[in-house]
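# Coordinates in review
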Amino acid sequence: MSAMCAGARRRHDDTPDTAADFERLAAMPKGPEREALAEKLVEAWLPMAHRLARRYRNRGENLEDLEQVAALGLVKAVDRYDPQRGGAFQPYAIPTIVGELKRYFRDCAWDLHVPRRVQELRNRVRATIQDLAAAGGTDRSPTVAQVAEAADMSEEDVLTGMEAIDSFRSLSLDAELAGADDGYSLADTLGRSETRYDTVIARESVKPCLNRLPEREQHILYLRFFRDMTQAGIAEELGISQMHVSRLISRSCARIRNQVEAESQPGRIPVHA
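What this report covers is the structure whose coordinates are included nearby. No experiment lies behind these values; they were computed from the predicted model shown. (Residues numbered from 1 in each chain as written. Predicted model: local features only at pLDDT ≥ 70, side-chain atom pairs only at ≥ 80, totals over all residues. Heavy atoms only, no water.)

To continue, consider the overall build of the protein. Secondary structure summary: the protein contains 12 helices and zero strands in total. Counting from the amino terminus, helix and strand elements in the protein follow one another as α-α-α-α-α-α-α-α-α-α-α-α. Looking at the protein as a whole, 29% of its 273 residues are labelled buried. Looking at the protein alone, contacts between residues at least 24 apart form 55% of all its contacts between residues at least 6 apart. When the accessible surface of the protein is split by element, carbon and sulfur atoms take 51% of a total near 18,800 Å². (Helix = DSSP H or I, 4+ residues; strand = E, 2+ residues; numbered from the N terminus. Buried < 20%, exposed > 50% of the residue type's maximum accessible area, 1.4 Å probe, protein only. Contact = heavy atoms within 4.5 Å. Areas by Shrake-Rupley, 256 points an atom, 1.4 Å probe, with all protein chains shown as cover.)

Moving on: helix α12 (residues 242-263). Owing to its 3.6 residues per turn, the α-helix aligns residues three or four sequence positions apart on the same side. The terminal C-alpha atoms of α12, which comprises 22 residues, lie 32 Å apart, in line with the 32 Å expected from a rise of 1.5 Å per residue. Turning to α12, its buried residues number three or more, namely V245, L248, I249, S252, I256, Q259 and A262. Contacts made by the buried residues of α12 are with α9 (197-212), α10 (215-226) and α11 (231-238). (Expected span 1.5 Å × (residues − 1).)

All right, on to the packing of α10 against α12 then. At a closest axis distance of 10 Å, the pairing of α10 and α12 adopts a crossing angle of 100°. On the basis of the axis angle, α10 is roughly perpendicular to α12. Note on element contacts: α12 touches α10 through H244, V245, L248, I249, R251, S252, C253 and I256, opposite R216, E217, I220, L221, R224 and F225. Within the contact of α10 with α12, the residues separate by chemical class into eight nonpolar, two polar and four charged. (Axes fitted to C-alpha atoms, helices over the stretch in contact; angles between N-to-C directions. Parallel < 35°, antiparallel > 145°, perpendicular 65-115°, else oblique. Nonpolar A, V, L, I, M, F, W, Y, C, P; charged D, E, K, R; others polar.)

Our focus in this paragraph is helix α8 (residues 155-165). Every buried residue belonging to α8 is among D157, V158, G161 and A164, and all of these are buried. The buried residues of α8 all sit within an arc of 120° when viewed along its axis, so they share a single face. The exposed set on the far side of α8, more than 90 degrees from its buried face, consists of E156 and E163. Elements that come into contact with the buried residues of α8 comprise α6 (116-136) and α7 (144-151). (Arc of directions from axis to C-beta.)

Below you can see the structure in the form of structure tokens.
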């Protein structure tokens, strides 16, 4: 009597009797009529596929997405099932649908690609933590050593699995930080490129090259670029022609540029002449 009651509890109202339809489907050639019958069978068994999908609803994925994945597995099962090989459709379809759901979690659900071994460690650790929490009747999280002992894993693997638990979903840079009430987001905590860094680097690179120039050329560059004097004004102050000032500035700048470029390349010998 108890066995009969247990069997009754395992029965579901989403397992229709479609044996005759599958026999017809197997005998039909490919075409619109066969496709229509296959769609009818998929629709009949869809509640079962959705029931299987609901088993995975607490793993961080949208239930509608899981139901679509389960429906895809059901379509494959209907297409591949051969009643001539014996056995009912349900025992054949369930592994196909569950396998599709597991592949989805393995290959598609993670925001970042994670090796299969790490995914498996994550699943074992997650299940073990839930079992220990349920057995202990407390909200306190078990220690790494307790999880390792219960799951027969090394503590290193447990730590890897725990890291993967927190890595299943990536955090949006626009997400508001916990405790922030003014829209302060993670992006606001990130550093930004300082536009004047390049100027500082260029200035420090040029300094030793400037010091190698003759004193008169250093003075001319100082008047032109730091005192913002015109070439005519420099020429008048030094008692030389403006054309000569122009040639000295061009020659000095080219010399500095060549030295900076030479010293920035590994294996190049700086020009000190």
